[in-house]
Amino acid sequence: MAYSLFSHRPFLIACLAYIAAFYSPLRNFCDFDLRIALGWADALRMFGATAAVVVTGTVLGHDGEAPHRSPRRWPLMGGGALAGLAVLYSQEFGLCAVGAVLLAPLAAHLFQHRGRGIGERSVATLQSLGWIILGIGAPLAAVMALYGCFGKATLLIATTYKTLSLTASGAFGSLEFPVSAKSFDQPEELLGPLFSLMDKLRDASIQLIVPVAIYIVALCSLVVRVVTRTWTASSTILFGLAAVGISSFRVALARAGVDHTLSASGPSILCLGILLDQSVDCCVYLYEEIRVPLGRMLAGALLVMVVMVTERIGGIAHQFEQIAHGPKVPPGQTAYFYRDLPRAGDAYLDEDFQAIARFVRETTSPTDKIFTLLHMMDGGELYFLCNRENPTRYDLLAEIMTADQQHEVLESLEQQPPRLIIGDDGSVVGPEVMAYVKKRWTISKSVGRYTVWLPP
């Protein structure tokens, strides 16, 4: 995306790549020793939505450069289809992308198409919206039809709606924003990453403040473009990125931790790139012969500041340090191999996990069911490695979000009691499920770090 926007500024692309490596989900790849490395899952959640906005904004912007050109059907449908796929992959960020691509035609035709009358602009706006909506609907309709063939279309709609409504209520009502007016009574806590070399994860304030500042500057830039009637193709892209960035950043505050705000910071990096691309050539003339490259000076100062902050919270230097001391080394020549766990392939399994997988396979038959009560996103791999069925439809406990879903888990366990239950984390399934487990499976033992519940 950066290459398509700034192909004539390779240095800017390199700087943005450095920022993206440490202020976006790509950081999970760089600091897998410090963070939960969700890998491409988190990266695609945001970058897929961002790509849909960039593609649609680029098409609209180029259409605006030719005032008498009709909206291009297939490119607009392609941008809409990307937004539809983003909804399927990541409902909340995808929905933000849908909102952004639906607003972008209004901005493009209202502010950029200055050679047309109101009527022509209105027709072009409706045409663009129509093609985009068709594009959004195509992948959604295909998936709905597929689910309908198996009688699960209603379940898909209900689950998606419940997820989105819970996310919205968390973001806009139930959870307090972690930075408030009281935070500025002791501002050094907000600037902790600038002064702390010990805590490698104290960049929460950076993630919560910097994207907001970038979006504010972007909005101010767009207002200036509107007032001065200098709206360009890049302004349309910037508008779309600001829209998806602001809405997705607010959604991420439903779980306002560093890992979640990382997922929402991607658009702000491209917004910063567009702002720099527009202003880096700005010069101030002192007298007649002295030219001060103010834009390049400010961009250089910004780069130095970003590098200083990033290196203090763990940047390139931290990567070299990890390589030098051994935590990050290439895998050995010998592949991992587990004769009695053939489904593991060449994946690394620690000794405790090997022990619990072997215990499950030895004490159950292929027709027996098991259930895991491990923390949030743990446990799903155990069903696969042991080739044992889960009596519930929730492979990960993180998928359980409501009391109704907890009750559904209880009903599934009652209808199809598993042979074993592994783990004792009841924070997600609720007290009723845990009470039933302790009543029905009364014998417990430890296998490594895992608790196993057995029937009497």
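It should be emphasised that the depicted structure is a prediction, and the values quoted were computed from it without experimental measurement.

A. The nonpolar core, seen in detail. Formed by 56 residues in total, the largest nonpolar core has its most connected members in Phe6 and Leu241. A total of nine residues in this core trace back to one element, the largest contributor, which is helix α6 (residues 91–112). Not counting residues up to four positions away in its chain, the partners in contact with Phe6 are Leu12, Ile13, Leu16, Leu270, Gly273, Ile274 and Asp277. One finds Leu374, Tyr394, Trp441 and Tyr450 within the second-largest nonpolar core, a separate group that totals 38 residues.

B. Quick peek at the packing of helix α2 (residues 10–23) against helix α13 (residues 266–279). Taken N-terminus to C-terminus, the directions of α2 and α13 make an angle of 155 degrees; their axes are 10 Å apart at the nearest point. If you check the angle between α2 and α13, you find them roughly antiparallel. Note on packing geometry: the crossing formed by α2 with α13 is right-handed. Counted together, Leu12, Leu16, Ile19, Ala20 and Tyr23 of α2 and Ile269, Leu272, Gly273, Leu276 and Asp277 of α13 form the full contact between these two elements. Its residues placed into classes, the contact of α2 with α13 shows eight nonpolar, one polar and one charged.

C. Inspection of the packing of helix α5 (residues 73–89) against α6 at higher detail. Where α5 meets α6, the closest approach of the two axes is 6 Å, and the angle between their N-to-C directions is 160 degrees. Here α5 is positioned roughly antiparallel relative to α6, judged by the angle of their axes. Considering the relative orientation of α5 and α6, their crossing is left-handed. Every residue of α6 that contacts α5 at Ala83, Ala86, Val87, Leu88 and Tyr89 is listed here: Gln91, Gly94, Leu95, Val98 and Val101. A per-class count over the contact of α5 with α6 returns eight nonpolar, two polar and no charged.

D. A look at the pairing of strand β6 (residues 450–454). Counting buried residues along β6, five of its five residues qualify, which places the element largely inside the surrounding structure. Residue alternation in β6 divides its side chains into two sets, Tyr450, Val452 and Leu454 and Thr451 and Trp453, and both sets are buried. Of the pairings in the sheet, the one linking strand β4 (residues 420–422) to β6 comprises two bridges and is antiparallel in character. Within β6, the position partnered with Ile422 by the bridge is Val452. Alignment of strand β5 (residues 443–447) against β6, held across five bridges, turns out to be antiparallel. Bridging across to β6, Ser444 finds its partner in Trp453. A loop of two residues connects β5 with β6, the two strands running antiparallel in sequence, and Gly448 in this loop sits at a positive phi of about 65 degrees.

E. Broad picture of the sheet that holds β6. Overall, mixed pairing links the four strands, which are arranged β3-β4-β6-β5 in an open sheet. At either margin of the open sheet sits one strand with a lone partner, and together these are β3 (370–372) and β5. Going across the sheet, the axis of each strand differs from the next one's by a mean of 25 degrees, ignoring polarity.

F. The arrangement of the side chain of Ser248 in detail. By secondary structure assignment, the location of Ser248 is in helix α11 (residues 233–252). In this structure Ser248 comes out as buried when scored by relative accessible area, which is 0%. A distance of 2.6 Å separates a polar atom in the side chain of Ser248 from the backbone oxygen of Val244. A polar atom in the side chain of Ser248 sits 3.2 Å from the backbone oxygen of Gly245.

G. Local environment of the state of the cysteines. Per the counting criterion, the structure on display carries zero disulfides. Its sulfur unpaired, Cys282 is 6.6 Å from the next cysteine sulfur, which belongs to Cys283. The class for Cys282 is partly exposed, based on a relative accessible area of 39%.

H. Just helix α18 (residues 403–415), in detail. Between its first and last C-alpha, α18 extends 18 Å over 13 residues, near the 18 Å set by a 1.5 Å rise per residue. For α18, the complete set of buried residues consists of Gln405, Val409, Leu410, Ser412 and Leu413. Relative to the axis of α18, the buried residues are bounded by an arc of 160 degrees and lie together on one face. Exposed residues on α18 whose side chains face more than 90 degrees from its buried face are Ala403, Asp404 and Gln415.

I. The pattern of salt bridges, seen in detail. Scanning the model with the defined rule gives eight salt bridges in all. Between Asp340 and Arg358 there is a salt bridge, and its shortest N-O distance comes to 2.5 Å. A residue pair is termed long-range when its members are at least 10 positions apart, and Asp340 in the loop between α15 (316–325) and α16 (351–363) and Arg358 in helix α16 qualify at 18 residues. On the basis of relative accessible area, Asp340 is assigned to the partly exposed category, the value being 33%. Glu408 serves as the salt-bridge partner of Arg393, at 2.6 Å between the closest nitrogen and oxygen. Here Arg393, found in the loop between α17 (380–386) and α18, pairs with Glu408, found in helix α18; they are 15 residues apart in sequence, far enough to count as distant. On the accessibility criterion, Arg393 (40% relative accessible area) is partly exposed. When salt bridges with common partners are traced through the structure, they connect Arg9, Asp277, Asp281 and Arg296 into a single cluster.

About the criteria used
- Residues numbered from 1 in each chain as written.
- Predicted model: local features only at pLDDT ≥ 70, side-chain atom pairs only at ≥ 80, totals over all residues.
- Heavy atoms only, no water.
- Core = buried A, V, L, I, M, F, W, Y, C linked by side-chain atoms within 4.5 Å.
- Buried < 20%, exposed > 50% of the residue type's maximum accessible area, 1.4 Å probe, protein only.
- Helix = DSSP H or I, 4+ residues; strand = E, 2+ residues; numbered from the N terminus.
- Contact = heavy atoms within 4.5 Å.
- Axes fitted to C-alpha atoms, helices over the stretch in contact; angles between N-to-C directions.
- Parallel < 35°, antiparallel > 145°, perpendicular 65-115°, else oblique.
- Left-handed = near helix turned anticlockwise from the far one by under 90°.
- Nonpolar A, V, L, I, M, F, W, Y, C, P; charged D, E, K, R; others polar.
- Pairing = 2+ DSSP bridges.
- Polar contact = N/O pair within 3.5 Å; in protein donor to acceptor, adjacent residues only side chain to side chain.
- Disulfide = S-S within 2.5 Å.
- Expected span 1.5 Å × (residues − 1).
- Arc of directions from axis to C-beta.
- Salt bridge = Lys/Arg side-chain N within 4 Å of Asp/Glu carboxyl O.

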